[in-house]
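Examining the three-dimensional arrangement
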Amino acid sequence: MLARVAGILYERRLTELVGGNMSLRVGDAVIMTPTKASETRGWRLAAADTLVQRLDGELLIGDEAMISREIRIHMRLYRTYADVGCVFHLHMPEAIAAAEGRWQPGVVAETTDPYGAAVVVLERDLRAQTEPHDARAVELLGQVSRADGAIAIGSMHGTFGVARDLATNVRAADVFRQRLEAELLRARLRRARAGGVA
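Residues numbered from 1 in each chain as written. Predicted model: local features only at pLDDT ≥ 70, side-chain atom pairs only at ≥ 80, totals over all residues. Heavy atoms only, no water.

Some thoughts on the packing of aromatic side chains
Counted by the stated rule, this structure contains 1 aromatic pair. One cation-aromatic arrangement involves R146 over Y81; the distance from NZ or CZ to the ring centre is 4.0 Å. (Phe/Tyr/Trp six-rings, centres within 6.5 Å; stacked < 30°, edge-to-face > 60°. Lys NZ or Arg CZ within 6 Å of the ring centre and 35° of its normal.)

Overview of the environment of P114
Position of P114 relative to the elements: it lies in the loop between strand 6 (106-109) and strand 7 (118-121). C-alpha of P114 to C-alpha of L180: the two residues are 66 residues apart in sequence and 9.7 Å apart in space. If near-sequence neighbours (up to four positions away) are discounted, P114 is found in contact with A109 and R179. (Helix = DSSP H or I, 4+ residues; strand = E, 2+ residues; numbered from the N terminus. Contact = heavy atoms within 4.5 Å.)

Notes on the pattern of salt bridges
Inspection of every chain in the model, using the stated rule, returns 15 salt bridges. Across the pair D174 and R12 runs a salt bridge whose closest N-O atoms are separated by 2.7 Å. Within this pair, whereas D174 is found in helix 6 (residues 166-193), its partner R12 is found in the loop between helix 1 (2-11) and strand 1 (21-26), the two being separated by 162 residues in sequence. Between E58 and R54 there is a salt bridge; the shortest N-O distance is 3.4 Å. (Salt bridge = Lys/Arg side-chain N within 4 Å of Asp/Glu carboxyl O.)

What about the packing of helix 3 (residues 71-80) against helix 5 (residues 131-141)?
Packing of helix 3 against helix 5 leaves a shortest axis separation of 10 Å and a crossing angle of 35°. As for how helix 3 packs across helix 5, the hand of that crossing is right-handed. Across the interface between the two elements, R72, I73, R76, L77 and T80 of helix 3 pack against E131, H133, D134, A135, A137, V138 and L141 of helix 5. By residue class, the composition of the contact of helix 3 with helix 5 is 6 nonpolar, 2 polar and 4 charged. (Axes fitted to C-alpha atoms, helices over the stretch in contact; angles between N-to-C directions. Left-handed = near helix turned anticlockwise from the far one by under 90°. Nonpolar A, V, L, I, M, F, W, Y, C, P; charged D, E, K, R; others polar.)

Topic: the nonpolar core
Counting residues in hydrophobic clusters, the biggest one holds 32 residues, and the most contacted among them are M22, F88, L90, M92, W103, I153 and F176. L90 has contacts with L9, L14, T15, M22, G158, T159 and A173, leaving out every residue within four places of it along the chain. If you look at the next biggest cluster of nonpolar residues, it comprises 25 residues, including V30, L55, A118 and A152. (Core = buried A, V, L, I, M, F, W, Y, C linked by side-chain atoms within 4.5 Å. Buried < 20%, exposed > 50% of the residue type's maximum accessible area, 1.4 Å probe, protein only.)

Next up, the structure:
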């Protein structure tokens, strides 16, 4: 199911071909997409392409060379929060634009209202795939409601979406992008009506 959903997320413009990964917790195991699934496969995956790793790090199915370096933050989220059953690392330009343009680092929305997901923004100086970045993302996601969907936005790195399960995470990401896109479009229209550049 995770392999099929990866393709759907790409088709719905919830991620791009520049990176990202997805995982799903099943008991004490995590099913994950392989490294570079976007660039090398265009998110066209079969179930046999996914890997399975236990929360303690033991690889159960797959080639260790295919484990994404981003899996560290996925595992950290699963180990820290029992209510997180699915993690997505997606690339949504609308989220980066909002984080860069108008949202300050910290908690933007504690619950799914008004964006379809709780939203937090990481500080711009945090480099992706580093301990400070991962620790801050986990800390900020601890300050919001996660089960119905929460999104952490890293400047120029994308978003980390978490939820109780796969379907909830898909819905949260989709609604978040739609509402954010509509909000950005409304702002453009306001500027155009005011005589500014759209």
